[in-house]
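# Coordinates in review
Each chain, written out:
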Amino acid sequence: MTTALAEKTFLDTDPVCRPARKSFAPILPARDIIVPIPADFRLASGEALTDPVIRARLQGRPDAPLVIVAGGISSGRFVHRTETNGSGWWSGAVTAGGPIDLDRFQVLAFDFAPDGPTAPATPLTVTTGDQARLLALLLDHLEAPRAAAFVGCSYGGMVGLAFAEGFPERLGQLVVISAAHRPHPLATAWRGVQRRILQLAIEAGRPEDGVALARELSMTTYRTPEELDARFDTVAPERAGGRYPVCDYLGARGRAYPAVMTASRWLTLSDSIDRHAVTPEAITTPATLIGFTSDRLVPIDDMRELAARLPNLFRLVEAPSLYGHDAFLKDAFVADVLTTALKDIDQ
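Thresholds, definitions, all that
- Residues numbered from 1 in each chain as written.
- Predicted model: local features only at pLDDT ≥ 70, side-chain atom pairs only at ≥ 80, totals over all residues.
- Heavy atoms only, no water.
- Helix = DSSP H or I, 4+ residues; strand = E, 2+ residues; numbered from the N terminus.
- Expected span 1.5 Å × (residues − 1).
- Buried < 20%, exposed > 50% of the residue type's maximum accessible area, 1.4 Å probe, protein only.
- Contact = heavy atoms within 4.5 Å.
- Salt bridge = Lys/Arg side-chain N within 4 Å of Asp/Glu carboxyl O.

The chain goes by Homoserine O-acetyltransferase in an unreviewed UniProt entry, where it is assigned to Brevundimonas abyssalis TAR-001.

## Details of helix H6 (residues 245-256)
Between the first and last C-alpha of H6 there are 17 Å, a value that for twelve residues agrees with the 16 Å anticipated at 1.5 Å per step. Of all the positions in H6, only Tyr249, Leu250, Gly251 and Gly254 are classed as buried. Residues of H6 that are buried in the fold lie against helix H4 (207-222) and helix H5 (225-231).

## Considerations on the environment of Val94
Following the sequence through the fold, Val94 ends up in strand E5 (residues 94-95). Exposure remark for Val94: the relative accessible area of 1% places this residue in the buried category. Expressed as a C-alpha distance, the spacing of Val94 and Arg81, which sit 13 residues apart in the sequence, is 9.2 Å.

## Some details on the pattern of salt bridges
Counted according to the given criterion, the structure contains 21 salt bridges. Among the salt bridges present, the one from Arg55 reaches Asp115, with a minimum N-O distance of 3.8 Å. Placement of Arg55 in strand E3 (residues 53-60) and of Asp115 in the loop between strand E7 (106-110) and helix H1 (128-141) is noted, with a sequence separation of 60 residues between them. Asp115 shares its class with Arg55; the two are buried. Glu281 is paired through a salt bridge with Arg309; the nearest N and O atoms lie 2.8 Å apart. Of the two residues, Glu281 sits in the loop between helix H7 (263-275) and strand E10 (287-292) while Arg309 sits in helix H8 (residues 300-309), which places them 28 residues apart along the sequence. Judged by relative accessible area, which is 28%, Arg309 ranks as partly exposed. Linked by salt bridges that have partners in common, Asp32, Arg57, Arg77 and Asp111 make up one network.

Here is the structure:
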């Protein structure tokens, strides 16, 4: 069924879903997990990963139902705030008393491959199915035959779909936000331009500048024209070649990105998005989908097609958002949908 919700935007700069009563919740105990990758593990391409381990983080109530959380290619295992790694990429949603409640669940987040100090200097061909197989190895290490739920956003949603297709017996339910069964050609075109920027920068010996510039372009695809129009004036600089206000914003986002993403890793993960393909009819896990009518990277029609083809759809929630593809990080209504989707998990 489809549920259309009125837009409710969270205009603060904090992540989505931050419950007011828990805004200063203590940092809960967590443990990092390092899992060796078998020497004979090969990607679908036949290539081997240069990093020999999977890095993950387990947080929340011990022995509670396990919920896997994965986000976009910039996300990783630090989903909740820590003493040394800032607020976490989704600590508004994954928190004590929050929609993904660390008082109720044990949350597992992981770093996408390729990762680590031995990440290759040249891109690898990695599929979302490869990421799903690495996640299965991680669950084997934890002696966790089955997760209660997988909540995936953007690329993480693609990995969640691939995991549900490849390992249906290991997953109780699936929540997919801003991800479909295939990449849209226009989104592939935008990412293709970003990859060419990265390749030119590598050839010029300036990979970090390429990461910064490609990130500026990517930010224009995540957000909506309406948000940028509301935030920025079109005041021209004094002379040609000067920066406009919106360009200053994009420049700041770009300059921050090389600290979290190398050019070769971005080439790998960007290509992985565009290589993504699952057969919805083969995914039997009960699924909740959340899509945004303003999302230009994952058009709502693709989310509707995915919903129509899934054999065990619980709910498709559609909503407008000022924030486009980034709405899962910014829009407060996502909290209600997550809470409803996870409420019946047995304790």
